[in-house]
Amino acid sequence: MKGFARVLVATAALSVAGTGPLLAAETQQQPPAVWDLHPLYASDADWETERQAIESELPALAALKGTFTDSASLQTGLDKIWAVKRRLSRLATYAQLSSDIDTRVEANQVRNQMAEDLGNKLDEATSFVKPEIAALGQQKVDAFLAERPGLATHRYQLETILREAEHTLGQEAEGLLSSAQTPLAQPESIYRLLSNADIPWPSIEIRGKKVLLDQEGYVANRDDRDPKVRKKVFDTFWPVYKTYERTFGAVYAANVRGTVFAAKARKYPDSLTAALSHYNVPADVYKTLIAEAHSGLPTLHRYLADGKKILGLKDYRYSDVYVPFATPPRQYSLGEAEQLTLQAVQPLGDAYGKDLGAAFRDGWAHTVAQRGKRSGAYMEGAAYDVHPYVLMSYTGNYNSVSTLAHEFGHAMHSVLANRAQPFETADYAIFVAEIPSTTNEMLLADHVIAHAKTKAEKIYAISQSLELLRATFFRQAMFAEFEVEAHAAIERGEPLTGEGLTKTYLSLLRRYMGDAEGVMKVDDLYGIEWAYIPHFYTDFYVYQYATSISAAAYFAEGIEKGDTALRERYFDMLKAGGSDDPYQIVKKAGPDLASPEPYRALVRRMDHLLDLLEATLAEKG
């Protein structure tokens, strides 16, 4: 899963509790830092052979049209389609991973596009499925399920199709929409190439060292202890995006227009409703999240005000938002980061730790920073028959440690879901996906707080946990609000330009950061930050980070207290994969994300941490 880098605060060297036998074993050798893609395909030539083989299957799948007349033919047809989808998932995974480690290599880009095109061809060849199943109706489908046990693996798919029947078009229209997916996906592809490969990034000098200020360079230096350096970083990095404001605006507007078009074509009232509909997420989840984020702004502003005092700044500016409250600790080797993560997740049990330790040893992650590599971090677990893969650029700071814990939370989710579910229901929704990843981050932060040996370490640990809440709850809620406003503008028939998007984003950024209240000054230039966020090209995605950290706070607190029943429900949630509506999967495990309480609980946790931070600062010594 694609994830934002977590900006975490640090101070003196961390004191860690003694390791057990498993953890000691992890330190014997430095873990692999690059992917081995051979488990997917032995070579590019083998990949191409499989691509051609899959493409040759498409006519037979298209010939299934009109055959869903009884339970046996329905099962046979769906089984054949999902068998090809399983192979295609593996094919697309190899193409994506190859492309993302160096976006400058044309052959990798071509392979990735070919995989996307093949996926669209599969969608087009099977576009008859939804209309035909919708035409069967609820009563007949229920009868088929009752008489054919083998259809059970397709139950949730069938139920979803019937629920969305009113938004399912005729077979010709469905085929047309499927064939339109390739052009509709181009804005994201253009954005990725422009932002990651084609923009000429500037270099700056920091304490006598020349630093390339691309995305990785920006993240690595935006938290510098010297306010002059970090302002220089901001004032050099963001004008690059500002230079391309019109282009980024046109690309994002094209993306939004495509999303609005698809929603209208399927007769949804708006694009947000369409986005939430597929997984049956109540609209109250989105609305309640934004409302409760607004209600919690005084707590966010309290955190920022404390930061200003701790850092001793006369003027608190947006370029100061990432600076640690104290001196960062030493760098952590990749092996040390893995060891710390294993210690932190011990409340999840020995079996979880054993699986995670094996994943670290077997080289599931590509952690080397290199030119042309896709920015950010994600886990890709779509290759059902092969282990998940993690992409990140490990820099050795604590932020990287937390990102590692986050992405391997995703990886373990895929491991558990794939063991418990058939391929048809193993793929889980993002609504659930961000909970175990963020739970891992919270366990990591809580572990550090619990094992701090000095006042300085405790301040660092508390501040780190607070920053996780700011960046993952309030920042993502702000992103979610920005997306709503951008899509609503197109739906109202208003123009959407780079300049207009910057004004919208700047207004939201100032509200959340307390500019009017005098908490933090946000300069006009930083309104261009919207152009830096790749997740906006997966429409209405980022809100789930904010809902997930609220659920994660619920789970982490109970599991750390030794609530074994809650832990079992937590693992049941992960093992459920995509076998039910994700909102219901989470609700069965505990928190109801359509109600205010999970969000208010998170804000209470933040207030508690602020109380603890302020009390610790007041201690003598």
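Every value quoted in this text rests on a predicted model; they were computed, and no experiment measured them.

All right, on to the overall build of the protein chain then. In terms of regular secondary structure, the protein chain is built from 26 helices and five strands. Relative to the 2.2 N^0.38 estimate, which gives 25 Å for 621 residues, the radius of gyration of the protein chain is 24 Å and therefore close to what a compact globule would have. The C-alpha extent of the protein chain, read off along each of the three principal axes, is 80 × 60 × 50 Å. Residues classed as buried in the protein chain amount to 57% of the 621 residues present.

Counting residues in each nonpolar core, the largest one holds 151 residues, and the members touching the most others are Y318, F408, W530 and M573. In terms of residue count, helix 21 (residues 455-491) provides more of this core than any other element does, 17 residues in total. If near-sequence neighbours (up to four positions away) are discounted, W530 is found in contact with E245, F248, G249, Y252, F482, G498, L501, T502, Y505 and F536. Among the nonpolar cores identified, the runner-up in size contains 43 residues, and W82, L88, L97 and Y378 belong to it.

Now for the environment of L162. For L162, the position within the fold is in helix 6 (residues 155-163). Separated by 19 residues in the primary sequence, L162 and Q181 have C-alpha atoms spaced 23 Å apart. With residues near it in sequence (within four places) discarded, L162 still touches I133, A134, G137, Q138 and V141.

What follows is about the packing of aromatic side chains. Summed over the entire model, instances satisfying the criterion amount to 46 aromatic pairs. Both rings, one in W201 and one in Y241, keep their centres 5.6 Å apart while their planes meet at 55 degrees; by these two values the pair is tilted. With W201 in the loop between helix 9 (186-198) and strand 1 (203-206) and Y241 in helix 11 (residues 227-243), the pair connects residues that are 40 residues apart, well separated along the chain. No difference in accessibility class separates W201 from Y241, as the two residues are buried. Ring geometry for Y318 against Y526: centres 5.8 Å apart, planes inclined by 45 degrees, an arrangement best described as tilted.

Here L78 lies in helix 3 (residues 71-101). According to the relative accessible area criterion, L78 is buried, its value standing at 1%. Along the sequence, L78 and F68 sit 10 residues apart, while their C-alpha atoms lie 9.3 Å from each other. Sequence-distant contacts of L78, defined by excluding residues within four places in its chain, comprise F68, V129, L151, H154, Q157 and L158.

Oppositely charged side chains can form a pair if their charged atoms are brought close together. The full count for this structure, using the stated rule, is 31 salt bridges. For R374, the salt bridge is made with D100, and the minimal N-O distance between the two is 3.6 Å. Of this pair, R374 sits in the loop between strand 3 (365-366) and strand 4 (378-380) while D100 sits in helix 3, and the two are 274 residues apart along the sequence. Assigned by exposure class, R374 and D100 land together as buried. Close ionic contact of R207 with D224 constitutes a salt bridge, the shortest N to O distance being 2.4 Å. Here R207 is found in the loop between strand 1 and strand 2 (209-212), whereas its partner D224 is found in the loop between helix 10 (215-221) and helix 11, with 17 residues between them in sequence. The class for R207 is exposed, based on a relative accessible area of 60%. One salt-bridge network, held together by shared partners, links E48, R51, E55 and K121.

So, on to the pairing of strand 2. Bridging between strand 1 and strand 2 involves four bridges; their strand directions are antiparallel. By the bridge assignment for strand 2, S203 is matched with L212. The hairpin turn running from strand 1 into strand 2, its antiparallel successor, is two residues long, and R207 in that turn takes a positive phi close to 50 degrees.

A word on the packing of helix 20 (residues 430-450) against helix 24 (residues 564-575). Relative to each other, helix 20 and helix 24 sit at 135 degrees, their axes nearing to 10 Å. On the basis of their axis angle, the class for helix 20 and helix 24 is oblique. You can see that helix 20 and helix 24 cross each other, and the crossing is left-handed. Where helix 20 abuts helix 24, its residues V432, I435, P436 and T439 lie against Y570, M573 and L574.

In this section: unusual backbone geometry. You will see that R207, though not glycine, has its phi angle at about 50 degrees, which is positive. Non-glycine residue K267 carries a positive phi angle of around 65 degrees. Relative to the helices and strands, K267 resides in the loop between helix 12 (245-265) and helix 13 (271-277).

Turning to the sheet that holds strand 5 (residues 389-391), a few remarks are in order. Taken in spatial order, the three strands make up an open sheet running 3-5-4, and their pairing is mixed. Looking at the sheet topology across the chains shown, the edges are occupied by strand 3 and strand 4. Inspection of the sheet shows strand 4 paired to strand 5 by three bridges, in the antiparallel sense. Paired with Y378 across the bridge in strand 5 is L391. Strand contacts of helix 3: strand 3, strand 4 and strand 5, with the helix running at about 150 degrees to strand 4, the strand carrying the most contacts.

Between its first and last C-alpha, helix 2 (residues 44-62) extends 28 Å over 19 residues, near the 27 Å set by a 1.5 Å rise per residue. Among the residues of helix 2, W47, E50, R51, I54, L58 and L61 are the ones counted as buried. Projection of helix 2 onto a plane perpendicular to its axis shows the buried side chains occupying an angular sector of 110 degrees, all on one side. Set apart from the buried face of helix 2 by more than 90 degrees, the exposed residues are T49, S56 and P59. Considering only its buried residues, helix 2 is in contact with helix 3 and helix 4 (106-125).

A few words now on the confidence of the model for the protein chain. Here the protein chain averages 91 in pLDDT, while 95% of its residues score no lower than 70. Throughout residues 1-28 the model reports pLDDT below 50, and contacts reaching past four residues in sequence, or to other chains, amount to 105 contacts.

Between the first and last C-alpha of helix 5 (residues 129-147) there are merely 20 Å, a value that for 19 residues lags more than 12% behind the 27 Å anticipated at 1.5 Å per step. Within the span of helix 5, buried status applies to V129, P131, E132, I133, L136, G137, V141, F144 and L145. Buried positions along helix 5 lie against helix 3, helix 6 and helix 7 (171-179).

Further remarks concern the environment of E124. Of note, E124 is situated in helix 4. As a C-alpha pair, E124 and V84 span 40 residues in sequence and 14 Å in three-dimensional space. The residues touching E124, leaving out its near neighbours within four places in the chain, are G175, S178 and S179.

What follows concerns the side chain of R192. With respect to the helices and strands, R192 occurs in helix 9. One polar contact links R192 to D100, side chain to side chain, over a distance of 2.8 Å. Not counting residues up to four positions away in its chain, the partners in contact with R192 are S99, D100, N112, A197 and R374.

Definitions and cut-offs
Every chain is numbered on its own, with residues counted from 1 as its sequence reads. Reporting in this predicted model follows two pLDDT cut-offs: at least 70 for local features of residues, and 80 or more for side-chain atom pairs to be given and counted; totals over whole chains, interfaces and linings ignore these cut-offs and use all residues. Side-chain metrics in this entry use all non-hydrogen atoms of the structure; hydrogen atoms and water are not considered. Helix numbering and strand numbering both begin at the N terminus, where a helix is a DSSP run of H or I of at least 4 residues and a strand a DSSP run of E of at least 2. The reference for a compact globule is 2.2 Å times residues^0.38; the radius of gyration itself is calculated from the C-alpha atoms. Per-residue accessibility, obtained with a 1.4 Å probe over protein chains only, is compared with the maximum for each type, and a residue is labelled buried under 20%, exposed over 50%, and partly exposed between these values. Side-chain atoms within 4.5 Å link the members of a nonpolar core, which is a set of buried Ala, Val, Leu, Ile, Met, Phe, Trp, Tyr and Cys residues. The contact definition used throughout considers only heavy atoms, calling two residues in contact when any of these lie within 4.5 Å. When the centres of two rings from Phe, Tyr and Trp lie within 6.5 Å, Trp using its six-membered ring, the rings pair. Their planes under 30 degrees apart give stacked, over 60 give edge-to-face, and anything left gives tilted. When a carboxyl oxygen of Asp or Glu is within 4 Å of a side-chain nitrogen of Lys or Arg, the pair counts as a salt bridge. Here the rule is simple: two strands pair whenever DSSP picks up at least two bridges between them. For helices, the axis comes from a line fit to the C-alpha atoms of the stretch in contact; other axes are also lines fit to C-alpha atoms, and the angle between any two N-to-C directions lies between 0 and 180 degrees. Geometric relationships in this document are graded by angle, where less than 35 degrees denotes roughly parallel, more than 145 denotes roughly antiparallel, 65 to 115 denotes roughly perpendicular, and other angles denote oblique. Handedness of each helix crossing follows the sense of rotation of the near helix against the far helix: counterclockwise by less than a right angle gives left-handed, clockwise gives right-handed. How far a helix is expected to stretch is found by multiplying one less than its residue total by 1.5 Å. What the arc describes is the spread of directions from the helix axis to the C-beta atoms. Each residue carries a pLDDT value, the predictor's own confidence for that position, ranging from 0 to 100. Any N or O atom pair separated by 3.5 Å or less is treated as a polar contact, with the protein-specific requirement of one donor-capable and one acceptor-capable atom, and with residues adjacent in sequence counted only for side-chain atom pairs.

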